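Chain and residue survey
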Amino acid sequence: MRKVKWAVDYLSNSSHLIESPETLKGQWKEFLQCDTLHVEIGCGKGNYSLFMSMLYPQDGFVALEKNDSACGMAAKKFDEQSQDNHLALIHGDACDLSNWFADNEIDIIHLNFSDPWPKKRYAKRRLSNEKFLAQYKNLLSKDGQIQMKTDNASLFEYSILEFLNNGFVLVDFSVDYRRDEHKEDVLTEYEEKFVEKGQPIYRCVWKKKYEDNTK
Ligand SMILES: C[S@@+](CC[C@H](N)C(=O)[O-])C[C@H]1O[C@@H](n2cnc3c(N)ncnc32)[C@H](O)[C@@H]1O
């Protein structure tokens, strides 16, 4: 994404941006006044978390984005369109999730149209790589879920094997998710474009394996 100067400048003024997320480690539910905590990793310009937080006003949403410009645009959108205090934004890299969230703290992790990193030598950067999955497993609550959507068949295939080989159980699965109506799940910016073009959306939902639930 090209640098958007106003968005980068905007970040420091945002009321939804959490500047020191490590200070909320273990206390996100109290802070966002919710029983169910969602974390969207790689939120882009923020539509998904914003509109999901409107659809589920009882739940708490934390959107995470590492790109300065995209994060600034999400911040402005949150400030302008969301009056509630159940939505927060972190500007940072998913590698640091364990510094910001405690074990068992997150109920739903959303991976929406994550960068596919097609070259094998960059596989470790994929957000469904085993290194990330090990982190998510610790942070997820006992019955917590990871919900993943993508347009990319290769990333989908890769991810399914990573989840299966790293202690997750498949809960739900589709190779054409938007064939049916899903009013309970809003479209992301990328998803809107793919749906408009008639491309299928792949989706899978995972839980921790039973023996891992005892953690
Ligand atoms: C392809 S875009 C999808 C954006 C949005 N989720 C959507 O569906 O419209 C992927 C986003 O994930 C972000 N991202 C990739 N790796 C990340 C990481 N390790 N930590 C935080 N954000 C990341 C990128 O900066 C980019 O904005």
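Presented here is a report on the structure given in the accompanying data block. (Residues numbered from 1 in each chain as written. Predicted model: local features only at pLDDT ≥ 70, side-chain atom pairs only at ≥ 80, totals over all residues. Heavy atoms only, no water.)

Approximately 870 Å³ is the volume found for the largest pocket. Around the largest pocket sit 36 residues that line it, and Gly42, Gly44, Glu65, Phe113 and Asp115 are the ones nearest its centre. When residues in the lining of the largest pocket are grouped by element, the largest group, four residues, is from helix 8 (residues 189–196). Each residue belonging to the lining of the largest pocket can be placed in one class, and the counts come to 15 nonpolar, nine polar and twelve charged. (1 Å grid on protein atoms, 1.4 Å probe; cavity = no way out; pocket = protein on both sides within 12 Å on 5 of 7 lines; lining within 4 Å. Points joined across faces, edges and corners; volume = space filled by probe spheres on them. Helix = DSSP H or I, 4+ residues; strand = E, 2+ residues; numbered from the N terminus. Nonpolar A, V, L, I, M, F, W, Y, C, P; charged D, E, K, R; others polar.)

Right, let's talk about the nonpolar core for a bit. Counting residues in each nonpolar core, the largest one holds 37 residues, and the members touching the most others are Trp28, Ile41, Leu97, Phe101, Leu111, Tyr136 and Ile146. No other element matches the five residues that helix 7 (residues 153–165) contributes to this core. Residues contacting Leu111, with those up to four places away along its chain left out, are Ile41, Leu127, Tyr136, Ile146, Gln147, Met148, Lys149 and Phe163. Counting residues in hydrophobic clusters, the runner-up holds 16 residues, among them Leu50, Ala63, Phe78 and Val186. (Core = buried A, V, L, I, M, F, W, Y, C linked by side-chain atoms within 4.5 Å. Buried < 20%, exposed > 50% of the residue type's maximum accessible area, 1.4 Å probe, protein only. Contact = heavy atoms within 4.5 Å.)

Looking now at the site of the ligand. As a structural note, the neighbourhood of the ligand is formed by 17 residues, with Gly42, Glu65, Ala94, Asn112 and Thr188 the closest of them. At 3.4 Å, a backbone N or O of Lys66 approaches a nitrogen atom of the ligand. One of the side-chain N or O atoms of Thr188 is found 2.7 Å from an oxygen atom in the ligand. Alone, the ligand offers 600 Å² of accessible surface; in the complex the protein occludes 92% of this. (Near = heavy atom within 4 Å. Polar contact = N/O pair within 3.5 Å; in protein donor to acceptor, adjacent residues only side chain to side chain. Areas by Shrake-Rupley, 256 points an atom, 1.4 Å probe, with all protein chains shown as cover.)

Another point: the state of the cysteines. One covalent bond between the sulfur atoms of two cysteine residues makes up a disulfide. Taken as a whole and assessed by the stated rule, the structure comprises zero disulfides. Left without a disulfide partner, Cys43 is nearest to the cysteine sulfur of Cys71, which lies 6.1 Å away. Under the relative-accessibility criterion, Cys43 is labelled buried at 3%. What makes Cys71 buried here is its relative accessible area of 0%. (Disulfide = S-S within 2.5 Å.)

With that settled, the discussion passes to a positive patch on the surface. The grouping of Lys66, Lys119, Arg121 and Arg125 at the surface amounts to a positive patch. Inspection of the secondary structure puts Lys119 in the loop between strand 4 (106–112) and helix 6 (130–139). What makes Lys119 partly exposed here is its relative accessible area of 47%. (Patch = residues over 30% accessible without salt bridge, like charges linked within 9 Å, V, L, I, M, F, W, Y side chains within 5 Å. Salt bridge = Lys/Arg side-chain N within 4 Å of Asp/Glu carboxyl O. Lys, Arg positive; Asp, Glu negative; His and termini not counted. Charge placed at Lys NZ, Arg CZ, Asp CG, Glu CD.)

In this section: the pattern of salt bridges. All told, the structure shown has nine salt bridges when counted by the stated rule. Among the salt bridges present, the one from Lys149 reaches Asp185, with a minimum N-O distance of 2.9 Å. Taken together, the residues Lys149 in strand 5 (residues 140–150) and Asp185 in the loop between strand 6 (168–174) and helix 8 connect sequence positions 36 residues apart. A single burial state applies to Lys149 and to Asp185, both of which are buried. When the shortest N-O distance is used, the salt bridge between Arg203 and Asp172 registers 3.6 Å. In this pair, Arg203 is assigned in strand 7 (residues 202–208) and Asp172 in strand 6, connecting sequence segments 31 residues apart.

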